[in-house]
Amino acid sequence: MAPFVTPVLSPAVREALARKRPVVALESSVLAQGLPIPENRHAAERMQRAVQSGGATPAIAAIVRGRGTLGLDGADLERFLCREGVRKVSSRDLGVAIAEGADGATTVAATLVLARAAGIEVFATGGIGGVHRRTSRDLERSRQLRDESADLPELARSRVIVVCAGAKSILDLPATWERLETLGIPVIGYRTDELPGFFTAQTGISLQVRCDTASGIAAIARSHWSVGNGQSVLVVQPPPSDCAMPGDEMQEVIDAALVEAERKGIEGPMTTPFLLAAVSRLTKGQSLDVNLALLESNAALAAEIASALTREIDGAEGSQS
Ligand code: PSU
Ligand code: MN
């Protein structure tokens with residue numbers, strides 16, 4: 001078997017990890033595929049600043065010219081923000097991108113693989129991928145077939161706390177919710193009792209666990225892993241209330257985007273980026289404001305949780321000595 005190669009770390013990330021200081025992983029697919037130019041740059045700046053303000057070190061994950069990297073910055077980050085020749089990389093694409101020496105923007109799934117390899121325990125993103133809605137093409141081919149993100153199985157094997165705003169209603173939310181349960185992935189509502197739907201706080205899906213403090217979330221994650229569980233702990237936070245969109249308005253837009261995707265025969269990895277772009281066009285950019293605001297607030301919460309986790313370790317070490 002080929003030797004295990006750990007990701008390349010930026011000096012800041014390397015130092016923080018060596019000193020056991022809080023680090024928050026960030027994905028790059030949202031920058032290179034999920035958001036348009038120039039909002040992708042604003043997102044990178046706002047997320048990294050929010051992590052730093054929370055006392056943690058941001059670590060953007062990516063495949064940089066074939067090397068798994070945590071702490072994408074400088075000229076490399078610029079290339080990703082200009083999006084030229086940067087492919088979308090999910091977990092199964094990692095090996096191909098590395099072998100080909102390519103630039104690859106990592107999805108939640110691929111970011112989890114890199115975070116795991118580097119020992120990073122907290123990750124902030126916008127929305128996770130999930131079970132897509134069944135299209136009429138799916139029905140034509142087979143009753144069983146439908147698109148399902150690799151984010152879900154990867155969440156099921158990564159001991160990482162993932163902070164997000166739920167999943168977008170471009171997905172089949174009830175099916176996604178059920179799959180999270182099947183996979184044994186705890187979902188904790190941060191200051192909410194309802195699963196958020198990314199642009200909106202309301203989806204009508206009731207959560208079973210709510211926790212209003214970062215230290216409480218850190219404690220739940222430690223307990224979850226203490227019995228030998230290997231799944232992520234998913235923390236869901238509603239979008240900031242001053243810019244969240246009404247659920248019914250969003251539904252119309254999403255339905256229109258789905259019709260357009262079907263008509264154009266969009267499928268596979270192009271589906272998520274296509275739907276995101278269509279939603280932003282149909283809301284005349286309003287969805288982008290929410291998107292940036294929630295990315296920032298998720299990054300801030302992740303930094304708080306990462307700090308609480310390191311305090312727990314400090315506390316445990318302190319009590320042993
Ligand atoms: N959801 C969003 N914005 C995004 C994505 C999802 O609101 O940018 C991206 C993430 O990188 C996620 C990926 O991991 O899309 C899921 O893609 P797929 O469904 O092809 O697995
Ligand atoms: Mn897919």
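What comes next is a walk through the structure. Since the structure is predicted, the reported quantities are computational estimates derived from the model, not experimental observations.

**Looking at the overall build of the chain**
So, step 1. A tally of regular secondary structure across the chain gives 13 helices and eleven strands.
So, step 2. The globule rule puts the C-alpha radius of gyration for 321 residues at 20 Å, and the 19 Å found for the chain is close to it.
So, step 3. Judged by the C-alpha coordinates and their principal axes, the chain covers about 65 × 45 × 40 Å.
So, step 4. When each of the 321 residues of the chain is scored for burial, the buried share is 51%.
So, step 5. At a minimum sequence separation of 6, the contacts of the chain that also span at least 24 residues come to 74%.

**Comments concerning the nonpolar core**
So, step 1. Formed by 103 residues in total, the largest nonpolar core has its most connected members in V24, I128, I161, L234 and I305.
So, step 2. Considering every element that reaches this core, the biggest residue donor is helix α13 (residues 286-320), with 13 residues.
So, step 3. Contact partners of I305, with chain neighbours within four places excluded, come to V122, I161, V163, A214, I217, A218 and V235.

**Remarks on the site of ligand 1**
So, step 1. Close to ligand 1 lie 15 residues, the nearest being E27, K88, S149, D151 and K168.
So, step 2. In the environment of ligand 1, an oxygen atom lies 2.8 Å from a nitrogen or oxygen atom belonging to the backbone of V108.
So, step 3. The contact in question runs from an oxygen atom of ligand 1 to an N or O atom on the side chain of S149, over 2.7 Å.
So, step 4. When isolated, ligand 1 has an accessible area of 470 Å², and the protein chains bury 92% of it.
So, step 5. Of all the elements in the fold, those that place two or more residues in the shell around ligand 1 are α2 (29-34) and α12 (271-282).
So, step 6. Here the shell around ligand 1 takes three residues from α2, the largest share from any one element.
So, step 7. Looking at the shell around ligand 1 residue by residue, the class counts come to four nonpolar, seven polar and four charged.

**Observations concerning the pairing of strand β2 (residues 23-26)**
So, step 1. Across the two faces of β2 the burial is the same, with V23 and A25 and V24 and L26 all buried.
So, step 2. Bridge count between β2 and strand β3 (residues 57-64): four bridges; the pairing is parallel. Paired with V24 across the bridge in β3 is P58.

**A few points about helix α4 (residues 74-82)**
So, step 1. Those residues of α4 that fall on the buried side of the exposure criterion are L77, F80 and L81. One side of α4 carries all its buried residues, which in axial view fall inside an arc of 100°.
So, step 2. Here the buried face of α4 lies against α2, α3 (39-53), β3, β5 (86-89) and β6 (103-106).
So, step 3. In the stretch just after α4, R83 is the one whose phi turns positive, near 65°.

**Observations concerning the pairing of strand β4 (residues 67-70)**
So, step 1. Across two bridges, the pairing between strand β1 (residues 8-9) and β4 is parallel. Residue pairing for β4: V8 is matched across the bridge by T69.
So, step 2. Pairing geometry for β3 and β4, over four bridges, is antiparallel. Among the inter-strand pairings, A61 is bridged to a residue of β4, identified as L70.
So, step 3. Turn length for the β3-β4 hairpin, with the two strands adjacent in sequence and antiparallel, is two residues, and the turn residue R65 shows positive phi of about 45°.

**What to know about the environment of P153**
So, step 1. One can find P153 in helix α8 (residues 151-155).
So, step 2. Sequence separation between P153 and E100 is 53 residues, and the spatial gap between their C-alpha atoms is 25 Å.

**A word on the side chain of N291**
So, step 1. Residue placement: N291 occurs in helix α13.
So, step 2. Apart from residues no more than four positions distant in its own chain, N291 is found in contact with L35 and F198.

**Section: the packing of aromatic side chains**
So, step 1. Per the counting criterion, the structure on display carries one aromatic pair.
So, step 2. Ring plane angle 85° and centroid distance 4.9 Å describe the contact between F198 and F199, whose orientation is recorded as edge-to-face. Across the pair, exposure class does not vary: F198 and F199 are buried alike.

**Let's talk about the packing of α3 against α4**
So, step 1. α4 packs onto α3 with a crossing angle of 135° between their chain directions and a minimal axis gap of 9 Å. Comparing the axis directions of α3 and α4 gives the class oblique. Residues N40, R41, A44 and Q48 of α3 pack against L77, E78 and L81 of α4.
So, step 2. For the contact of α3 with α4, the per-class residue count stands at three nonpolar, two polar and two charged.

**Quick look at the pattern of salt bridges**
So, step 1. All told, the structure shown has 17 salt bridges when counted by the stated rule.
So, step 2. With its nearest N and O atoms 2.7 Å apart, the salt bridge here joins R46 to E296. Here the residue R46 occupies a position in helix α3, and E296 occupies one in helix α13, the gap between them amounting to 250 residues.
So, step 3. Classification of R46 as partly exposed rests on a relative accessible area of 27%.
So, step 4. Residue E296 is classed as partly exposed on the basis of its relative accessible area of 28%.
So, step 5. Residue D93 is joined to R92 by a salt bridge in which the shortest nitrogen-to-oxygen separation is 4.0 Å.

Each value, and the rule that gives it
Within each chain, residue numbers correspond to sequence positions counted from 1 in written order. Numbering of ligands from 1 and lettering of chains from A proceed in the order in which they are written. Whole-chain, interface and lining totals are the exception, using all residues; otherwise, since this is a predicted model, local features are given only for residues with pLDDT of at least 70 and side-chain atom pairs are given and counted only at 80 or more. Calculation of side-chain values draws on the structure's entire complement of heavy atoms; hydrogens and water are dropped beforehand. To qualify as a helix, a DSSP run of H or I must reach at least 4 residues; to qualify as a strand, a run of E must reach at least 2; elements of each kind are numbered from the N terminus. Only C-alpha atoms enter the radius of gyration, while the globule expectation follows 2.2 Å times N to the 0.38, with N the number of residues. Relative accessible area decides the class of each residue, using a 1.4 Å probe on protein chains only: under 20% of the type maximum gives buried, over 50% gives exposed, and in between gives partly exposed. Contacts are assigned to residue pairs with any non-hydrogen atoms lying within 4.5 Å of each other. Buried Ala, Val, Leu, Ile, Met, Phe, Trp, Tyr and Cys residues form a nonpolar core when they are joined through side-chain atoms within 4.5 Å. Residue proximity to a molecule or strand is established when one non-hydrogen atom of the residue lies within 4 Å of it. Counted as a polar contact is a pair of N or O atoms within 3.5 Å, where, for protein atoms, one must be capable of donating a hydrogen and the other of accepting one, and residues adjacent in sequence contribute only when both atoms are in side chains. Here the Shrake-Rupley method, with its probe set to 1.4 Å, supplies the accessible areas, and only the displayed protein chains count as covering residues. Following the grouping adopted for this structure description, the nonpolar residues are Ala, Val, Leu, Ile, Met, Phe, Trp, Tyr, Cys and Pro, the charged ones are Asp, Glu, Lys and Arg, and the polar ones are all others, Gly among them. In this description, strands pair whenever DSSP reports at least two bridges between them. Note that the arc is defined by the directions from the helix axis to the C-beta atoms. For Phe, Tyr and Trp, rings pair up if their centres lie within 6.5 Å, where Trp contributes its six-membered ring, and each pair is then called stacked (planes under 30 degrees apart), edge-to-face (over 60) or tilted (otherwise). Inter-axis angles, ranging from 0 to 180 degrees, are taken between N-to-C directions of lines fitted to C-alpha atoms, where helices are fitted over the stretch in contact. Angular relationships are summarised with four words: roughly parallel below 35 degrees, roughly antiparallel beyond 145, roughly perpendicular across 65 to 115, and oblique for the angles in between. The salt bridge definition used is simple: a Lys or Arg side-chain nitrogen within 4 Å of an Asp or Glu carboxyl oxygen.

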